[in-house]
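Observations on the three-dimensional arrangement
Read off the chains here:
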Amino acid sequence: MKNKIVISVVICLFLSLSGYCPLAQGDLHQKVDKKGRVYWHGVTTARKIALTFDDGPSKDTLQILQELKKYNVKATFFVIGKNVEKYPEIFTRIINDGHAIGNHSYSHPDMFMEEPVMIRKQIRNTEEAVRKYCGQELFLFRPPYGIENAWVFKEAGKHGYTIIKWSVSGFDWESKKAGTIAKRIIGNVRNGSIIILHDGRRLKQRNSCQPTIDALSKIIIALEARGYHFVTVPDLLGITGKNADAMDNLM
């Protein structure tokens, strides 16, 4: 029991020092991108922003896709491999609607505590699931919980991935009010923002993604009225495929 407590304290300390703790949104915009390896946001000279969704696909993804189609907005979905296998028709709908996809692990473990071989397995299993249903090659990786330690960084690099974090969050996993989610995003978006929302119900305290679905129209309408243009993460960052340089440097 004491060992678990010590481990928990160490993890909390690490997360607070690494920036995983809930910082003010503006602080996340100050995170420095590691060009070609890790991105928190895009360039700040153009009014382009990227809307991203984690933890799907799920049944709720269908309503999110309907909202995005209604406003002709393209987003990026960081999918969990197990959910791709569970909802292949919904996953292929994401692809067919023209959205971008990224790797969000196979079962969403806390990779801070995982050994390299398990991190590698999480990445590869999701690649296999995606390849089975759409044949696309994944080249964007978002670690579960946004946690990125040396092992995660190295394994992602070996597979040619660019790690994608975020600079604006609706904290929709903890909120049941669409207005609150929308306000958190609308009030903090800047040029180049990467916005994180969720289209899965992985967390026990979240019984439905309905608040996120209801917040979408508010977010899109308000930000487009301010002159922002929604694009996918590859379009925002100019990434078109695997990072060969990262693979060469780490192999």
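Residues numbered from 1 in each chain as written. Predicted model: local features only at pLDDT ≥ 70, side-chain atom pairs only at ≥ 80, totals over all residues. Heavy atoms only, no water.

**Observations regarding the overall build of the protein**
If you tally the helices and strands in the protein, you get 11 helices and 9 strands. Within the protein, buried positions represent 53% of all 251 residues. Sequence-distant contacts in the protein: of pairs separated by 6 or more residues, those separated by 24 or more amount to 76%. Carbon and sulfur atoms provide 53% of the accessible area of the protein, an area that totals close to 12,000 Å². (Helix = DSSP H or I, 4+ residues; strand = E, 2+ residues; numbered from the N terminus. Buried < 20%, exposed > 50% of the residue type's maximum accessible area, 1.4 Å probe, protein only. Contact = heavy atoms within 4.5 Å. Areas by Shrake-Rupley, 256 points an atom, 1.4 Å probe, with all protein chains shown as cover.)

**Let's talk about the side chain of N103**
Tracing the sequence through the fold places N103 in strand 4 (residues 100-103). Engagement of the side chain of N103 in a polar contact is seen with the backbone nitrogen of S105, the distance being 2.8 Å. Not counting residues up to four positions away in its chain, the partners in contact with N103 are F78, V79, Q122, I123, T126, E127, L138, L140, F141, R142 and Y161. (Polar contact = N/O pair within 3.5 Å; in protein donor to acceptor, adjacent residues only side chain to side chain.)

**Some points on the packing of helix 6 (residues 116-133) against helix 7 (residues 150-158)**
Closest axis-to-axis distance for the helix 6/helix 7 pair is 10 Å, and the angle between their directions is 45°. By the angle between their directions, the pair helix 6 and helix 7 is classed as oblique. Here the hand of the crossing between helix 6 and helix 7 comes out right-handed. Facing P116, I119, R120 and I123 of helix 6, the residues of helix 7 in contact are W151, V152, E155, A156 and K158. Partitioned by chemical class, the residues of the contact of helix 6 with helix 7 number 6 nonpolar, no polar and 3 charged. (Axes fitted to C-alpha atoms, helices over the stretch in contact; angles between N-to-C directions. Parallel < 35°, antiparallel > 145°, perpendicular 65-115°, else oblique. Left-handed = near helix turned anticlockwise from the far one by under 90°. Nonpolar A, V, L, I, M, F, W, Y, C, P; charged D, E, K, R; others polar.)

**Things to note about helix 9 (residues 210-225)**
At 3.6 residues per turn, the α-helix brings residues three or four places apart onto the same side. Taking 1.5 Å per residue, 16 residues should reach 22 Å; helix 9 reaches 24 Å between its end C-alpha atoms and fits that length. At L216, helix 9 shows its maximal bend, which comes to roughly 30°. For helix 9, every residue scored as buried is listed here: P211, T212, I213, A215, L216, S217, I219, I220 and L223. Summarising the contacts, the buried residues of helix 9 are in contact with strand 2 (48-54), helix 3 (61-70), helix 8 (178-186), strand 8 (194-198) and strand 9 (229-231). G227 lies just past helix 9 and shows a positive phi near 90°. (Expected span 1.5 Å × (residues − 1). Bend = angle between axes of the 7 residues up to and from the residue.)

**Here's the deal with the environment of F141**
Along the chain, F141 falls in strand 5 (residues 140-141). A relative accessible area of 0% places F141 in the buried class. Between the C-alpha atoms of F141 and F78, which are 63 residues apart in sequence, the distance is 7.6 Å. Residues in contact with F141, not counting those within four places in the same chain, are F78, N103, S105, M111, I123, V152, A156, Y161, T162, I163 and I164.

**What about the nonpolar core?**
Counting residues in hydrophobic clusters, the biggest one holds 60 residues, and the most contacted among them are L51, F53, L68, F77, I164 and L223. A total of 6 residues in this core trace back to one element, the largest contributor, which is helix 9. If we skip the residues at most four places from it in the chain, L68 touches L51, F53, V73, A75, F77, H99, L216 and I220. (Core = buried A, V, L, I, M, F, W, Y, C linked by side-chain atoms within 4.5 Å.)

**A look at the packing of aromatic side chains**
Under the definition given, this model contains 2 aromatic pairs. Taking 5.1 Å as the distance between ring centres and 20° as the angle between the ring planes, the aromatic pair formed by F53 and F77 counts as stacked. You can see F53 sitting in strand 2 and its partner F77 sitting in strand 3 (residues 76-79), a full 24 residues away along the chain. Ring centres 5.8 Å apart and planes at 55° place the aromatic pair F141 and Y161 in the tilted group. Of this pair, F141 sits in strand 5 while Y161 sits in the loop between helix 7 and strand 6 (162-164), and the two are 20 residues apart along the sequence. Note that R47 overlies the ring of Y228, its terminal NZ or CZ placed 4.0 Å from the centroid. The lysine or arginine in question, K242, covers the ring of Y161, its NZ or CZ lying 4.0 Å from the ring centre. (Phe/Tyr/Trp six-rings, centres within 6.5 Å; stacked < 30°, edge-to-face > 60°. Lys NZ or Arg CZ within 6 Å of the ring centre and 35° of its normal.)

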